[in-house]
Amino acid sequence: MTSEINELNGPDEPLPSTQPGEFRAVLHALRVWDAPLPGFDVRAAPVEPLALFREWFVHAARAGQPEPHTMSLATVDGEGRPDVRTLMLHEADERGWHFASHATSAKGHQLAAHPDAALGFYWPLLGRQVRVRGRVTACGPEESRADLAVRSRGALAAALTGRQSEVLESAGELVRASERAWERAGVEPDAPAPTWTRYVLAPVEVEFFQGDAARRHTRLRYRAAAEGAGWSRELLWP
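All values reported here derive from a predicted model rather than from experimental measurement.

Here we take up the nonpolar core. In this structure, Phe53, Trp97, Phe121, Val130 and Phe208 are the most contacted members of the largest nonpolar core, which totals 29 residues. Where this core is concerned, the elements lending two or more residues are helix 3 (49–62), strand 1 (70–76), strand 4 (96–102), strand 5 (116–123), strand 6 (128–138), strand 7 (196–210) and strand 8 (218–224). With five residues, helix 3 is the single largest residue contributor to this core. Excluding its chain neighbours within four sequence positions, the residues that come into contact with Phe53 are Leu89, Ala92, Trp97, Phe121, Trp123, Val130 and Phe208.

This is the structure:
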């Protein structure tokens, strides 16, 4: 396995070395929010979080925020240890926040055992974050197939490659499997990927964070009331 990993850079191309002092110098020289940031009038915020999320999302995209649809998904494993990864938002509607993955992946197994999860969006151009907590439900086969059908050939090829989160014996093995999957995706655009699953996180808590250069950040939290009773809103200390 070690030799296969070394092949990624070649025997004569060692990875560059960064000294601790250089790392710390770069880290501590970084600044955030040097540009003007938008305001956030919480008095004008809608009574439910979905409308505000959509508004902030469109604002981020139109402001030039790269990949505003990327988000962090936090889960817990069978031993209660937290896990997190970045993936793409597929939809946000009255049901919740949608994403997809293989049911056989690490996150798929974790969600099947412990469906409570959290999402995190960060749009640094605007100094904004959105945090969503709730319970995740797996959609049925028909909706999961439809999710994949509207995506790109590359997305289908990745889904057909499968084996997500399993141990990879060599980089060459991935190349061969990927090439076969790309070829199949080209000639069979409706090829089934049985483990591909669309998930929906139904929110119970949504927080909107607006950064402020003076560190007087605004945090507005929505919390779901009893079934069908709407949302409560509260400000939080930064």
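Here we come to the pattern of salt bridges. Under the counting rule described, the total for this entry stands at 15 salt bridges. A salt bridge links Glu207 to Arg131; its shortest N-O distance comes to 2.7 Å. Residue Glu207 is found in strand 7, and its partner Arg131 is found in strand 6; the two are separated by 76 residues along the sequence. Owing to a relative accessible area of 4%, Glu207 belongs among the buried residues under this scheme. The closest approach of N and O atoms between Glu234 and Arg223, which form a salt bridge, is 3.4 Å. Taken together, the residues Glu234 in strand 9 (residues 231–236) and Arg223 in strand 8 connect sequence positions 11 residues apart.

What follows is about the pairing of strand 1. Burial of the side chains of strand 1 is restricted to one face: Met71, Leu73 and Thr75 are buried, whereas none of Thr70, Ser72, Ala74 and Val76 on the reverse face is. In this structure, strand 1 lies alongside strand 2 (residues 82–88), joined through seven bridges in antiparallel fashion. Opposite Thr75, over in strand 2, you have Asp83 as the bridge partner. Following strand 1, the chain reverses through five residues before pairing antiparallel with strand 2; Gly80 in that reversal takes a positive phi of roughly 80°. As paired elements, strand 1 and strand 5 share three bridges and run antiparallel to each other. What sits directly across from Leu73, in strand 5, is Leu119.

In this section: the packing of aromatic side chains. This structure, assessed with the given rule, holds 11 aromatic pairs. Ring plane angle 70° and centroid distance 5.2 Å describe the contact between Phe53 and Trp97, whose orientation is recorded as edge-to-face. Placement of the pair is Phe53 in helix 3 and Trp97 in strand 4, with a sequence separation of 44 residues. Ring centres of Phe121 and Trp123 lie 5.8 Å apart, and the angle between their planes is 45°; on these two criteria the pair is classed as tilted. One aromatic cluster is present, formed by Phe53, Phe57, Trp97, Phe121 and Trp123 through successive ring pairs.

Bridge count for strand 7 against strand 8 is six bridges, and the pairing is antiparallel. In the strand pairing of strand 8, Gln210 is matched with Thr218.

Turning our attention to a nonpolar patch on the surface. Together, Phe23, Val26, Leu27 and Leu30 make up an exposed nonpolar region whose accessible area comes to about 400 Å². Its location among the elements puts Leu27 in helix 2 (residues 20–29). Classification of Leu27 as partly exposed rests on a relative accessible area of 41%.

Conventions adopted
- Residues numbered from 1 in each chain as written.
- Predicted model: local features only at pLDDT ≥ 70, side-chain atom pairs only at ≥ 80, totals over all residues.
- Heavy atoms only, no water.
- Core = buried A, V, L, I, M, F, W, Y, C linked by side-chain atoms within 4.5 Å.
- Buried < 20%, exposed > 50% of the residue type's maximum accessible area, 1.4 Å probe, protein only.
- Helix = DSSP H or I, 4+ residues; strand = E, 2+ residues; numbered from the N terminus.
- Contact = heavy atoms within 4.5 Å.
- Salt bridge = Lys/Arg side-chain N within 4 Å of Asp/Glu carboxyl O.
- Pairing = 2+ DSSP bridges.
- Phe/Tyr/Trp six-rings, centres within 6.5 Å; stacked < 30°, edge-to-face > 60°.
- Patch = residues over 30% accessible without salt bridge, like charges linked within 9 Å, V, L, I, M, F, W, Y side chains within 5 Å.
- Areas by Shrake-Rupley, 256 points an atom, 1.4 Å probe, with all protein chains shown as cover.

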